[in-house]
Every structure is written in structure tokens, then in C-alpha cells.
Amino acid sequence: MLDIKFIRENKDIVASGAKKKRVEIDLDKLLTLDDERLKMLKEVEDLRGEINRVSNDISRDQDGAHKMQLIEEMRLVKEDIKAREEKLKAVMENWQKLMLLVPNIPSPDTPEGKDESENVVIRQWGEKPKFDFEPKDHEDLGKNLGIIDKETAAEVAGARFTYLKGDLVLMQFALINFLLGILTDKETLEKIIKDKNLNVSPKPFVPVIPPFMVKPNVYLKMARLYPTEDKYYIPSDDIYLVGSAEHTLGPMHMNHIFDEAKMPVRYVGYSPAFRREAGTYGKDTKGILRVHQFEKLELETFCLPENSLQEQEFLIAIQEYFLQALGLSYEVMMICTGDMGKPDYRQIDINTWMPGQNAYRETHTSDLIASFQPRRLNTKVKRLDGKVELVHMNDATICAMGRTLIAIMENYQQADGSIKIPEILRSYMGGKEFIK
RNA sequence: GGAAACGUGGCUGAGCGGUUGAAGGCACUGGUUUCGAAAACCAGCAUCGGGGCAACUCGAUCGAGAGUUCAAAUCUCUCCGUUUCCGCCA
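Parameters at a glance
Residues numbered from 1 in each chain as written. Chains lettered and ligands numbered in written order. Predicted model: local features only at pLDDT ≥ 70, side-chain atom pairs only at ≥ 80, totals over all residues. Heavy atoms only, no water. Helix = DSSP H or I, 4+ residues; strand = E, 2+ residues; numbered from the N terminus. Contact = heavy atoms within 4.5 Å. Areas by Shrake-Rupley, 256 points an atom, 1.4 Å probe, with all protein chains shown as cover. Pairing = 2+ DSSP bridges. Axes fitted to C-alpha atoms, helices over the stretch in contact; angles between N-to-C directions. 1 Å grid on protein atoms, 1.4 Å probe; cavity = no way out; pocket = protein on both sides within 12 Å on 5 of 7 lines; lining within 4 Å. Points joined across faces, edges and corners; volume = space filled by probe spheres on them. Nonpolar A, V, L, I, M, F, W, Y, C, P; charged D, E, K, R; others polar. Patch = residues over 30% accessible without salt bridge, like charges linked within 9 Å, V, L, I, M, F, W, Y side chains within 5 Å. Salt bridge = Lys/Arg side-chain N within 4 Å of Asp/Glu carboxyl O. Lys, Arg positive; Asp, Glu negative; His and termini not counted. Charge placed at Lys NZ, Arg CZ, Asp CG, Glu CD. Buried < 20%, exposed > 50% of the residue type's maximum accessible area, 1.4 Å probe, protein only. UniProt positions renumbered as here; feature names shortened; annotations may be inferred.

1. Examining the overall build of chain A
- Looking only at helices and strands, one finds 14 helices and 18 strands in chain A.
- Taken along its principal axes, the extent of the C-alpha atoms in chain A is 100 × 50 × 40 Å.
- Considering only contacts within chain A whose residues lie at least 6 apart along the sequence, 73% involve residues at least 24 apart.
- Per element, the accessible surface of chain A, about 21500 Å² overall, is 51% carbon and sulfur.

Pasting the structure below:
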């Protein structure tokens, strides 16, 4: 959520930001409503002030008759307040509805564009592998090796579910262990920072296994509740399944004020991501690229406002370090205004080469949220000089398991249908060199 | 699932329906003292919103919401959460 004061004073910036994001929003209506809201609020507050003052007089007044008169007067004022509050409540409801629709403004370096076709590749790394045979896609590879079973999953849970089995499961845990090793190691982080010439703290990430379900009101505060069609909901308990660890990592510090000395605060969360994939019928139906449930390691960090852009660059640097360690070719893509998330200030995705798809496909995203979520979550920082302000938040994928496994399978496939295991993962898989 | 207790500021912990936004302690900040530090002493120290150049001022907030009252941290109801005991369970 944006600050209403900021919206009032920077109407043009907010309006053009929304327009660039292709979000329809009637700011004039919001501002008119806001004027009304402030006027009514002032009237109610003044009346309440009167009651407070007179009530104090009443408590000190010894004269019985005068006291009864004051009490009667205040009873009338109270009724007046009640009536005014009714009206104020109606205005507030409309006001809030409109406020929730206002998207975050995009950063100055975000390219303007209507949809994903106008995203801009800002750099590319690595060579696409050359095969002296016709490369298969991961579904065929996985089926033949007996490590991916969609058919049984479809019978048991439905379409877009999978059984991962055997060495593929070991590989998933190898990825997790490898990454947790990096993310909790100050020296590795220092090296990444130095290589990219970044100006951020090397403070390690705290591993977290967060709740996999989230209350509706908390989801709303994360600005991730809508569209609800894409979320799994359990009516009997009025609760949603998370679509990412971000959804329950972000609210870890709701209504909290950090000390500046403790910043930044960094977490790496492991959780499944549940997605209904509404509206994607017929899209990516082959393999496990798009499924209802996949596991993910997700980064979530809280930092000082002036450091948040560097923090995002840092998270991207870690993503690239990871893909380079796996030897996978990728492209870093600046997401354009029309394709980026509503709460995002700046969004950068990484697409990894997948030979079976003959395309770079999205494996990572990083969202610089700035103060958009913190304003709703009420997460702040007390500066050294005593001032309190909103923190900035960043979140980023570090490893979406399914898609990373796809990339490894398709890039490391051999002519005989086996899969070579990337060297960095072998020590976590009993020294094994191939899945076959 | 059954029973009970409890939710107050960064922490701890008082709080009779009426100058209580909240005693006391700890922590923190500034000052005095010191060569420096500790200790001691003095002072300051919640957040949000409105108005004002400012000093300041008005309102809201004692888990959340609703209610009773001229007046609610204090009384009532609902919800959320925590703790303990019993049951069940990985």
C-alpha cells in the first residue's frame, strides 16, 4: 500500500505509475473521498474531545443539578457522534477498497511495456549445451529413468501433480543442502559481494521452515491475496495454502520495530508452493514445469530504505552464483511495467536454458517491494537518531525445485538417456556421478 | 476435542469505572563526575492520524472487534493468541 499522504502530494506520479502498470484506478475519486474522510474525522474527533473534557469536569463537579445537566448534554453529543461515525464508516470502507487497488509505483529503470513480450534481457551467461544427439525433454527422461511419475499422481491427486522418485529426490535435497550451506556462510557471501562490487552487509541468512498456510487478513497485508482464484482455500478453517514461502516469511515481523543496528534481517525459507494455475489450461502441460505443488527455497530480507536497491542486486548476485555453480546458461531479465507484480517497485527475473523446451524459461524472480508491504504489515525500523520509519522488503526465489531439476535433467542429459550429476551436488548424493 | 488461567510500552511489571498514555524496575539516549571507564546522580525515552513555521495542540491505541456508561486498561459479549492439565496423535 502506498501512503495516502504521498498519493495526495504526488498524484501525477502515482497516476502515471498505475497507467504504466496497466492498472485502472480512479485517483480523483480516491482523493475526493479522502477530503471527505479527513473532514468527517476532524468533526468526530472534535466532538469526542468535548466529551473527554466535559467528562473530566463531571467527575470533579460537586453540584448535583449541574452535573445531571452536563450528563444529559453529553448523551446528546454521543448520539451525534454515533450518527457521524456511521457515515464515516461507509466512507472509510470505500476509501480502503480504493487504497488496496493502488499499485506500487515502478522504479525509474523499469522498462515500460504492455506485457511479457516487452521485458528486457539485461545480460546473459553461459553457453547453451550442444548435443550430438536429439535432446529429450525432462518428461521423457524422467519417465524412462523412473524418477518422474505423473500418471500415478493424476490418479491419486489429479492433473498437474507429480511423484518425484529416487535419485531425483536425492538431487532436490542436494540442492537444498548446497544452498543452505552458501546462504549461512559469511565467507561465501563476502566473496559474492566482492565479485559484484556491491555495498551490502555479508550477514548470513537464517533458515526458516514457515507455516504453509496463512490467514486471509495476513495474506491481504502481503498484497498477495488477489487474485484469489489462483490460491487454494480451506473454507472449514478460513485459511489459505501459501503460494510461496514469501507469504509467511514476510509477515514474521508484523507490528514490529527493528533496531537499526540489527539490519539487515535475512531469511531463507523452505516450503511447498501451492498454485491452482487457474487460467493456464493447456499451457505447459508436458512434464513438471507447471504443477499445483512444488517446493521452493525463498529469500526474504528486511533492510534500511537506502540499502534496498543494493540488497536486491545482492539477491540477484546469489541467484547467479547458484546457476553458475550448476553451469546452467541463463538470461537476466528486467520485467516491464505491464508484466510486473502490483506490489513491486522493481522486478527482475532469471530465465534458465532448458534444451527440452528449446527456450529460456523462468526459474527465478526477485521483487524489490520497498515499503509497500511494510506499510500494511506495520514493520518498521528505529533509526540511530530515534526516528521510526518503514523498513524496505525484498523477496527472491533462490531455488524453485521442480524447474531447477528440469534444467539440470535437460542440460546434463547423455546420449544413453542418463543424466550426469553436476559436480557441486555429488558430495550430497553419495558421490554418485550419473542418474541412470 | 474437554477443563482452567492469562493477553498492559523494547523487556519486566503495577493498575479502585473518573487529570492513567499508563506507577516501579531493566534496557536505551543525553548530561554531571572521571585521564578514561564502572558506579552514582540529573534529565529524556511508545506508535499512528489531524492542525500549526514552531513551542504546541486535538484524537486514536493497554491482543482484535462490538457493547454498557457522561466517562472503560478497568464491566459485558464475540473472536484471535498464549500457557497449564486431561484425551488423542507424528
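2. Here's the deal with the sheet that holds strand 13 (residues 359-370)
- Taken in spatial order, the 8 strands line up as 1-11-12-13-16-10-9-4 in an open sheet, and their pairing is mixed. Single-partner strands in this sheet number two, and they are strand 1 (120-125) and strand 4 (206-208). Adjacent strand axes in the sheet meet at a mean angle of 25°, parallel and antiparallel pairs treated alike.
- Strand contacts of helix 11 (residues 308-326): strand 1, strand 9 (265-274), strand 10 (293-303), strand 11 (330-334), strand 12 (346-354), strand 13 and strand 16 (392-400), with the helix running at about 5° to strand 16, the strand carrying the most contacts.
- Strand contacts of helix 13 (residues 401-411): strand 9, strand 10, strand 12, strand 13 and strand 16, with the helix running at about 35° to strand 12, the strand carrying the most contacts.

3. Points about the environment of V391
- Relative to the helices and strands, V391 is located in the loop between strand 15 (388-390) and strand 16.
- A sequence separation of 109 residues divides V391 from G282, and the C-alpha atoms of the two residues are 41 Å apart.
- If near-sequence neighbours (up to four positions away) are discounted, V391 is found in contact with F258, M263, F302, C303, A370, S371, P374, T379, K380 and V381.

4. A short note on empty space enclosed by the protein
- For the structure on display, the rule yields 1 cavity of 30 Å³ or more.
- Of the voids in this model, the largest cavity is the one considered here, and its volume is about 40 Å³.
- Along its surface, the largest cavity is lined by E139, K143, I148, D149, K150 and E151.
- Those elements that provide at least two residues to the lining of the largest cavity are helix 5 (138-145), strand 2 (148-149) and helix 6 (150-156).
- For the lining of the largest cavity, the per-class residue count stands at 1 nonpolar, no polar and 5 charged.

5. Some thoughts on the layout of surface pockets
- Considering only enclosed or pocket space, the second largest pocket measures out at about 280 Å³ in volume.
- The wall of the second largest pocket is formed by 18 residues, among which T162, Y163, L164, Q293 and E295 lie closest to the centre.
- Those elements that place two or more of their residues in the lining of the second largest pocket are helix 6, strand 3 (163-164), helix 7 (167-183), strand 10 and helix 13.

6. Here we look at a negative patch on the surface
- Together, D115, E116, D339 and E362 make up a region of like negative charge exposed at the surface.
- Summarising the element assignment, E362 is placed in strand 13.
- Take E362: its relative accessible area is 36%, and that puts it in the partly exposed class.

7. Observations concerning the UniProt feature "binding site: L-serine" (unreviewed entry) in chain A
- UniProt feature "binding site: L-serine" (unreviewed entry): in the numbering of this structure it lies at R275 and E298.
- Residue placement: R275 occurs in the loop between strand 9 and strand 10.
- What makes R275 partly exposed here is its relative accessible area of 27%.
- Beyond its immediate sequence surroundings of up to four residues, R275 is in contact with D230, Y232, G243, S244, V291, H292, F294 and K296.

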